[in-house]
Amino acid sequence: MEPDLIITNGKLFTADPARPSAEALAVRGNRIVAVGTKAEITALSGSATRIFDAHHCTVMPGFNDSHFHLFWGALEMADAQLGGLQSLSALAEVLKAYAAEHPDQEWLAGQGLMYLKLPEQAPLTRFQLDAIISDRPVILVTYDGHTVYANTKALQLAGLLHGGTAGPGSEIVMLEDGTASGELREPGAFKQLTDLIPEPTEPEKRALLHKALAEAARLGITSVHNMDGDMAQLLRYAALEDAGELSLRVYMPYSVKPETEESALSEAVEMAQLNPGGMARGGAAKFFMDGVIESYTALMLDDYTGSPGNKGGALYSAEHFTRMATACDALELQIFTHAIGDGAVRRTLDGYESAQRTNGRRDSRHRVEHLEVVHLHDLPRFRELGVIAAMQPEHAPQSPDGADIWPARVGPDRWDRSFAWRTVREAGIRMVFGSDWPVVTLNPIQGVYAAVNRKPWFEGGIDHAQTLEETLISYTRDAAYAEFMENEKGMLREGFLADIVVLSEDIFACPDADLQRIQPMMTLSDGRIMFELG
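So, how was this worked out
Residues numbered from 1 in each chain as written. Predicted model: local features only at pLDDT ≥ 70, side-chain atom pairs only at ≥ 80, totals over all residues. Heavy atoms only, no water. Core = buried A, V, L, I, M, F, W, Y, C linked by side-chain atoms within 4.5 Å. Buried < 20%, exposed > 50% of the residue type's maximum accessible area, 1.4 Å probe, protein only. Contact = heavy atoms within 4.5 Å. Pairing = 2+ DSSP bridges. Helix = DSSP H or I, 4+ residues; strand = E, 2+ residues; numbered from the N terminus. Phe/Tyr/Trp six-rings, centres within 6.5 Å; stacked < 30°, edge-to-face > 60°. Lys NZ or Arg CZ within 6 Å of the ring centre and 35° of its normal. Axes fitted to C-alpha atoms, helices over the stretch in contact; angles between N-to-C directions. Parallel < 35°, antiparallel > 145°, perpendicular 65-115°, else oblique. Left-handed = near helix turned anticlockwise from the far one by under 90°. Nonpolar A, V, L, I, M, F, W, Y, C, P; charged D, E, K, R; others polar.

**With respect to the nonpolar core**
- Formed by 118 residues in total, the largest nonpolar core has its most connected members in Leu-70, Leu-91 and Tyr-237.
- Ignoring anything within four residues of it in the chain, the contact list for Tyr-237 reads Leu-70, Phe-71, Leu-209, Asn-226, Leu-246, Val-250, Met-252 and Ala-280.
- Core analysis: the next-biggest nonpolar cluster, separate from the first, contains 19 residues, Ala-22, Cys-57, Ile-500 and Met-521 among them.

**Let's talk about the sheet that holds strand β23 (residues 520-525)**
- Across the sheet, 6 strands lie side by side as β3-β2-β7-β22-β23-β24; this open sheet has mixed pairing. Taken across any chain shown, the strands that pair with only one partner, and hence form the sheet edges, are β3 (21-22) and β24 (528-532).

**A few points about unusual backbone geometry**
- The omega angle of the peptide bond from Trp-437 to Pro-438 is 15°, so this bond is cis rather than trans.
- Its place among the elements puts Pro-438 in the loop between β21 (431-433) and α15 (444-452).
- The residue Phe-419 is not glycine, and still its phi comes out positive at about 45°.
- Among the structural elements, Phe-419 can be located in the loop between α13 (406-410) and α14 (421-426).

**Remarks on helix α16 (residues 468-475)**
- Counting buried positions over the 8 residues of α16 gives 7, a clear majority of the element.
- All of the buried residues in α16 are Leu-468, Glu-470, Thr-471, Leu-472, Ile-473, Ser-474 and Tyr-475.

**Some thoughts on the packing of aromatic side chains**
- Considering all chains together, one arrives at 17 aromatic pairs under this definition.
- Taken together, a centroid distance of 6.4 Å and an interplanar angle of 65° make the contact between Phe-419 and Trp-457 edge-to-face. Here the residue Phe-419 occupies a position in the loop between α13 and α14, and Trp-457 occupies one in the loop between α15 and α16, the gap between them amounting to 38 residues. Here Phe-419 matches Trp-457 in class, with each residue buried.
- For Arg-281, the ring lying beneath its charged end belongs to Tyr-251, and the centroid distance is 4.2 Å.

**Details of the environment of Cys-510**
- Position of Cys-510 relative to the elements: it lies in the loop between β22 (500-503) and β23.
- Taking relative accessible area as the criterion, Cys-510 reaches 5% and is therefore assigned buried.
- Taking the C-alpha atoms as reference points, Cys-510 and Asn-275, separated by 235 residues in sequence, lie 40 Å from one another.
- Contact partners of Cys-510, with chain neighbours within four places excluded, come to Glu-505, Leu-515, Arg-517 and Ile-518.

**Side note on the packing of helix α8 (residues 231-242) against helix α9 (residues 266-274)**
- Where α8 contacts α9, the axes come no closer than 10 Å and their chain directions differ by 15°. Classed by the angle they form, the pair α8 and α9 counts as roughly parallel. α9 is crossed by α8, and the crossing has left-handed handedness. Taking contact as the criterion, the partners of Met-231, Leu-234 and Leu-235 in α8 are, on α9, Glu-267, Glu-270, Met-271 and Leu-274.
- Residues of the contact of α8 with α9, tallied by class, amount to 5 nonpolar, no polar and 2 charged.

**Description of the sheet that holds strand β4 (residues 24-28)**
- In spatial order, the strands read β5-β4-β1-β6; together these 4 strands make up an open sheet with mixed pairing. Both outer strands of the open sheet, β5 (31-36) and β6 (50-53), are each paired with one neighbouring strand and no more. Each adjacent strand pair in this sheet contributes to an overall mean axis angle of 20°, direction not counted.
- Two strands pair when backbone bridges link them, and strand β1 (residues 5-8) and β6 are joined in this way by 4 bridges, in the parallel orientation. The residue bridging Ile-6 from the neighbouring strand is Ile-51, located in β6.

Geometric values such as these leave the question of function open.
And the structure:
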């Protein structure tokens, strides 16, 4: 049978060790049916075959974002966008404009706020937000999703103006006068507040999801590992798949919370069984071991710099996590664990090791998500246990002197083992890349740029920059391995799924400093053209 599509005259980055490069490929249905030279592949064409000339640009496997929040990110697209704002005046300008554009909206929410460096290192408070907007409740969520700032009106409506009960690892920051400052750290502190924001209607949710899916296709993303979910959310994507409206593959773990009982893990098993082989599927469980560095809620082995006695905290005790991880492992679920501080990473590895001792060794491919600080003594344990490091290039601050407060929190003594991509890779650990959207942009080219152009934070520091090939492998072949799909996707190989992106130029000929100019010209997912530059 003749191919439906031939992409020819390209610089194919196949990610396939058996054939690293080629000039053309052919697609029939949802599979790649041939990879080879221009002459070999064009000879297969028939009367109905479309020929796409790549004009010597890179053709590669579609980007597989290994840490993504599709539904969360889609819903946030309706809120005020605060990413990149670095001053109170800039924040005020954006919030006032958003409020004016939404005069009938009772609650005003903003997303993507940086931890602002205010004069004298003072934290943002409700009083500053009141000075911007006081007559409507305002809730601002930081870019990492771990801290919320609220004005007085919002705190009053939530019954939190005079404090309240916060869950494990969470804090309602209080002032000396016994009232809340407006800063709430971790979901256990702010869920009562955010739950008051009216949910979009189902048609609105669907429209926002379509908007997010279209943006992902435009940026060359054909797969995501969705980091939050349950059966209801998986069914939402399965319904889109049934309607032919799901334009990327979604691998979704079941979200395990500190209050989750072992019996509830049956839902994760049901998710794994729901749609095997489909574009939306389950098969894993997701834990949060700790919070984030910026709010001192990540668990560290040693004190935070400038905060004696403060090592952060964890949402799970060692016993609790080990028990739940062992239960998940016994059900043959893959485990993803958010662990940012080196203390959280160690506790996670301890739990995985205990589960392996109890249940026996298997090809579990458990993962540590983020791994922002790691103790060097723990690196060999990743290989010993077969654990994958899932990291996000754009999370690493470009320098210790910018607007990001992260480097100051951990201090120079820990900088070399912060976002330690080179050290992790040289330890023989399989490392995959993602964005953590909506924490940062979902554009994978921005992640590629960040990984390749990383600079040491001090003279003589370790250079954690990645080569372009290493980076692309982490976004393709290794990302497929990290979800047990290495025999189906992640490479341009005959018989593999036709998840493909054609870029606007030869990415390997582009100077590293100019990588951000590259954009997709065409994105295929499951053999269907989901985006084509007009």
